[in-house]
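The residues making up each chain are set out below.
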Amino acid sequence: QVQLVESGGGLVQPGGSLRLSCAASGNNFKINAMGWYRQAPGKERELVTTITSGGNTNYAASVKGRFTISRDSAKNTVYLQMNSLKPEDTAVYYCNAEVIITTYGYDYWGQGTQVTVSS
């Protein structure tokens, strides 16, 4: 019904930047909120940032001031601009969407994209 396709991951040096993209596709759905989570090897998945349909944003303390989430509602796409990247940011980044289909709510996840920060 709904698919989330991520892109933009890769290898970058410390202090560098990457921009992730997540596009939602499907029929007859409404997105309440979208966000980014990440999971490093051996660690639990953690919230990075979220943005609501009203434009409110939330950031993990570890990325605040360095990462920026934005959206293009017309394209059902959310972006994550990552600046001043640190080795600690290395993880698989997952896009998340809270979606309403008819009157029911669903939680969708992208396939994940690897971000590696290393010199």
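For the structure itself, look to the data block above.
The structure contained in this document is the topic of the report that follows. (Residues numbered from 1 in each chain as written. Predicted model: local features only at pLDDT ≥ 70, side-chain atom pairs only at ≥ 80, totals over all residues. Heavy atoms only, no water.)

1. Quick word on the overall build of the chain
Part 1 of the reasoning: Along the backbone of the chain there are 0 helices and 11 strands.
Part 2 of the reasoning: Listing every helix and strand of the chain by position from the N terminus yields β-β-β-β-β-β-β-β-β-β-β.
Part 3 of the reasoning: Here the C-alpha coordinates of the chain stretch approximately 45 × 25 × 25 Å along the principal axes.
Part 4 of the reasoning: Out of the 119 residues belonging to the chain, those deemed buried represent 40%.
Part 5 of the reasoning: Restricting the contact set of the chain to residue pairs at least 6 apart, pairs at least 24 apart contribute 54%.
Part 6 of the reasoning: Just so you have it, the chain exposes about 6,400 Å², and 45% of that area is on carbon and sulfur atoms. (Helix = DSSP H or I, 4+ residues; strand = E, 2+ residues; numbered from the N terminus. Buried < 20%, exposed > 50% of the residue type's maximum accessible area, 1.4 Å probe, protein only. Contact = heavy atoms within 4.5 Å. Areas by Shrake-Rupley, 256 points an atom, 1.4 Å probe, with all protein chains shown as cover.)

2. Let's talk about the pattern of salt bridges
Part 1 of the reasoning: Summed over all chains, the structure comprises 3 salt bridges.
Part 2 of the reasoning: With a shortest N-O distance of 2.8 Å, arginine 38 and glutamate 46 are connected by a salt bridge.
Part 3 of the reasoning: The buried category is assigned to arginine 38, whose relative accessible area is 6%.
Part 4 of the reasoning: A relative accessible area of 31% places glutamate 46 in the partly exposed class. (Salt bridge = Lys/Arg side-chain N within 4 Å of Asp/Glu carboxyl O.)

Nothing here speaks to function; it is geometry throughout.
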